[in-house]
Amino acid sequence: MKKEVLGVYFDDLTREEAAQAGAALLAEDKFHYVVTPNPEFILAAEKDQEFLQVLNGADLVLADGIGVVYSAKIQGTPLKERVPGIEFAADMLTCLDERGGRLYLLGAKPGVAEEAGRRILERHPNITLCGTQDGYFKDEEAALLKVAAARPDLLFVCLGAPKQEKWMARWGKHTGARLAIGLGGALDVFAGKVERAPESWQKLGLEWAYRLKKEPQRAGRMAKLPLVLVKAAGKRLKK
Ligand code: UDP
């Protein structure tokens, strides 16, 4: 079931349910894409109609940030739980490993996707890493041709939002992949360049605070986030 949070229609799934839904998409012989919006996406989509359409056109819309879960609750339409994109990606890697499928990593700074791939293969030896490409290409179509030539089943698109979602919606069906996932900075995490918050922080819903502590330069970007909660409260009061 979909639940709307300020214009974005989220799939109301637990992490396990999301993994099952993702596995079903990966088994189907056609292109699908998954988005993992956080509150920053919601605010950006309010001002960018194309981005909003691309988000709502995805096969799965997963609530990546605790801010999304809080907003849904404030609105009176609670979501079951947060489904972090990076965890969904890890579940899809397990699934791909079981099938012995092909993985392509697109995005991040030069060298990062290769290192992420190396580490992923250590854990998932049945996966074929069929290609990597950094995310600072000038020509979108040329980037697509390289991906398509590698014939991936699963594609991680890590270019930051909204670039990665727009790229998937525009070019995804020409890649030949069964499943593409927009994952922001996930390759930096898989490559060991950026650390995720310890589990204790994650459980308290404080992953954002840990990130702010580690990357204080994000303060400007993150300062807007409470706005989403305020807007959700406004919506509830109007009801
Ligand atoms: N990135 C990229 N191409 C670009 C801009 C960004 O590949 O043109 C990468 C960047 O190197 C980083 C990721 O996209 O690995 C986005 O990271 P960010 O922290 O913005 O995403 P978040 O994790 O917050 O969604």
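Refer to the structure presented above.
Bear in mind that the values here come from a model prediction, so they are computed numbers and not experimental data. Every chain is numbered independently, its residues counted from 1 as its sequence is written. Restriction of local features to residues with pLDDT of at least 70 applies here, the model being predicted, together with a cutoff of 80 or more for giving and counting side-chain atom pairs; totals for whole chains, interfaces and linings are based on all residues. Side-chain numbers here rest on the full set of heavy atoms in the structure, without hydrogens or water.

J.: I'm lost on the overall build of the chain in this one. Help?
T.: Secondary structure elements follow DSSP: runs of H or I no shorter than four residues count as helices, runs of E no shorter than two count as strands, and numbering proceeds from the N terminus. When helices and strands are counted, the chain shows 13 helices and 8 strands. For the radius of gyration, the atoms used are the C-alpha atoms, and the globule rule reads 2.2 Å times the number of residues raised to 0.38. For 239 residues, the compact-globule formula gives about 18 Å, and the C-alpha radius of gyration of the chain, at 17 Å, lands near that figure. Here the C-alpha coordinates of the chain stretch approximately 50 × 35 × 35 Å along the principal axes. Relative accessible area decides the class of each residue, using a 1.4 Å probe on protein chains only: under 20% of the type maximum gives buried, over 50% gives exposed, and in between gives partly exposed. Going through the 239 residues of the chain one by one, you find that 51% of them count as buried. For the chain, the share of sequence-separated contacts (at least 6 apart) that also reach a separation of at least 24 residues comes to 76%. The accessible surface values rely on the Shrake-Rupley method and a 1.4 Å probe; as for residues, cover is taken only from the protein chains in view. Split by element, the accessible area of the chain, about 11600 Å² in all, is 54% carbon and sulfur. The distance from the centre of the 36 positive side-chain charges to the centre of the 32 negative ones in the chain is 5 Å. In what follows, residue pairs with any heavy atoms lying within 4.5 Å of each other are defined as contacts. Under the convention used here, Asp and Glu are negative, Lys and Arg are positive, and both His and the chain ends fall outside the count. To locate a charge, take NZ of a lysine, CZ of an arginine, CG of an aspartate or CD of a glutamate.

J.: Got a minute to help me understand the side chain of Thr175 in this structure?
T.: Secondary-structure assignment places Thr175 in the loop between helix 8 (163-171) and strand 8 (179-182). Polar contacts, as used here, are pairs of N or O atoms within 3.5 Å; protein pairs need one atom able to donate a hydrogen and one able to accept it. Residues neighboring in sequence count only if both atoms are side-chain atoms. Among the polar contacts listed, one links the side chain of Thr175 to the backbone oxygen of Gly172, at a separation of 2.6 Å. Excluding anything up to four places from it in sequence, Thr175 contacts Phe31, Leu144, Val147, Ala148, Pro152, Leu155 and Trp167.

J.: Help me understand the sheet that holds strand 8 in this model?
T.: Strand pairs in the sheet, formed through backbone hydrogen bonds, run parallel or antiparallel to each other. In this scheme, strands are said to pair when DSSP sees at least two bridges between them. Read from one edge of the open sheet, 6 strands run 4-3-8-7-5-6, paired in parallel fashion. Edge positions in the sheet fall to strand 4 (60-61) and strand 6 (128-133), since each has one partner strand and no second. Helix axes are fitted only over the stretch in contact, all axes being lines through C-alpha atoms; the angle between N-to-C directions runs from 0 to 180 degrees. The strands touched by helix 6 (residues 112-123) are strand 5 (102-107) and strand 6; relative to strand 5, the strand with the most contacts, the crossing angle is about 150 degrees.

J.: Mind showing me how you'd approach the packing of helix 4 (residues 66-75) against helix 13 (residues 226-238) here?
T.: Each pair of packed helices gets described by two things: the angle between the helix axes and the distance between those axes. Viewed as axis vectors pointing N to C, helix 4 and helix 13 meet at an angle of 15 degrees, and their least axial separation amounts to 8 Å. Classed by the angle they form, the pair helix 4 and helix 13 counts as roughly parallel. For the pair helix 4 and helix 13, the crossing hand works out as right-handed. Where helix 4 approaches helix 13, its residues Gly67, Tyr70, Ser71, Lys73, Ile74 and Gln75 are matched on the opposing element by Val228, Leu229, Ala232, Ala233, Lys235 and Arg236. Residues are grouped as follows: Ala, Val, Leu, Ile, Met, Phe, Trp, Tyr, Cys and Pro are nonpolar; Asp, Glu, Lys and Arg are charged; all remaining types, including Gly, are polar. For the contact of helix 4 with helix 13, the residue count by class is 6 nonpolar, 3 polar and 3 charged. Convention used here: angles under 35 degrees read as roughly parallel, angles over 145 as roughly antiparallel, angles from 65 to 115 as roughly perpendicular, and any remaining angle as oblique. Helix crossings get a hand from a simple test, with the near helix turned counterclockwise from the far one by less than a right angle marking a left-handed crossing and a clockwise turn marking a right-handed one.

J.: Any chance you could explain the pairing of strand 3 (residues 32-35) here in plain terms?
T.: Every other side chain in a regular strand lies on the same face of the sheet, so the side chains alternate between the two faces. Neither face of strand 3 is open: one carries His32 and Val34, the other Tyr33 and Val35, and all of them are buried. Relative to strand 8, strand 3 runs parallel, the two being bridged by 3 bridges. Among the inter-strand pairings, Tyr33 is bridged to a residue of strand 8, identified as Ala180.

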